[in-house]
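# Structure at a glance
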Amino acid sequence: MVLSDRSIREQIDRGRLLVEPWDPAALQPASVDLRLDRVFRVFRNSRRPYIDVRQPMDDLTELVEIGDDERFILHPGEFVLGSTLERVSLPDDLVARVEGKSSLGRLGLLVHATAGYVDPGFRGHLTLELSNAANLPVTLYYLMRIAQLSFEQLSTPAERPYGSPGLGSRYQDQAEPTASRSWQDYQVPAFEER
């Protein structure tokens, strides 16, 4: 069941769902608008010959920060990571879905490649996978409404919400665009003698 504006407001008023800073004007009929923060993680293609998903590649990206009135230009075919200004915290019985704003999608701006799903128990700023599918550059600005977040009720609370020990939740409490940590899937546990 997707939560309506009334249900979203009730969850926020009860402190079960956090969207901070909260702006009541961001509430839509069945979602909450999210704004773009000022920090981007850009890829530096000249540093690596390819992306190896089994290896940490801390030097593959770097953070770029824009000023209040400065624009970030996303060129055609370009891919960068951005972040929501809002910090989100979900209870153990709600999931969220990040979707683009229709007006921006009509200009060719995509806000996620595959990571549109937010697990129950997640808390932190959401990393956006920004790409430009248009033929012209698109300008991005600090505080612009960039995405919307809808919420769904689980049938029962999750037994092991995001961040639970042993789950390997890599992005809990992230505060800026966070690079992929997929290489952690390939770490071999230390051999233990029995």
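Basis of the calculations
- Residues numbered from 1 in each chain as written.
- Predicted model: local features only at pLDDT ≥ 70, side-chain atom pairs only at ≥ 80, totals over all residues.
- Heavy atoms only, no water.
- Helix = DSSP H or I, 4+ residues; strand = E, 2+ residues; numbered from the N terminus.
- Rg over C-alpha atoms; globule rule 2.2 N^0.38 Å.
- Buried < 20%, exposed > 50% of the residue type's maximum accessible area, 1.4 Å probe, protein only.
- Arc of directions from axis to C-beta.
- Contact = heavy atoms within 4.5 Å.
- Salt bridge = Lys/Arg side-chain N within 4 Å of Asp/Glu carboxyl O.

### Structural notes on the overall build of the protein chain
- From N to C terminus, the protein chain includes 2 helices and 12 strands.
- Written out in order from the N terminus, the α and β elements of the protein chain read α-β-β-β-β-β-β-β-α-β-β-β-β-β.
- Taken against the 2.2 N^0.38 rule, which gives 16 Å for 194 residues, the C-alpha radius of gyration of the protein chain at 18 Å falls within 12% of a compact globule.
- Taken along the three principal axes of its C-alpha coordinates, the protein chain extends 60 × 50 × 25 Å.
- Within the protein chain, the proportion of its 194 residues that are buried is 41%.

### Quick look at helix 1 (residues 5–13)
- Regarding helix 1, the residues found buried are Ile8, Gln11 and Ile12. Projected down its long axis, helix 1 shows its buried positions confined to an angular sector of 100°, all on one face. With respect to the buried face of helix 1, the exposed residues turned more than 90 degrees away are Arg6 and Asp13.
- Contacts from the buried residues of helix 1 go to strand 1 (18–20), strand 2 (32–35), strand 7 (94–100) and strand 12 (145–153).

### A look at the pattern of salt bridges
- Summed over the entire model, instances satisfying the criterion amount to 12 salt bridges.
- Among the ionic pairs, arginine 16 bridges to aspartate 93, the shortest N-O distance being 2.7 Å. Here the residue arginine 16 occupies a position in the loop between helix 1 and strand 1, and aspartate 93 occupies one in the loop between strand 6 (79–89) and strand 7, the gap between them amounting to 77 residues.
- The class of arginine 16 is partly exposed, set by a relative accessible area of 24%.
- Under the relative-accessibility criterion, aspartate 93 is labelled buried at 12%.
- Salt-bridge contacts for aspartate 33 lead to arginine 145; the nearest nitrogen and oxygen are separated by 2.7 Å. One end of the pair, aspartate 33, is in strand 2; the other, arginine 145, is in strand 12, with 112 residues separating them in the sequence.
- It is possible to trace a salt-bridge network through shared partners that takes in Asp33, Lys101 and Arg145.

Remember that the coordinates give geometry; whether it matters functionally is a separate question.
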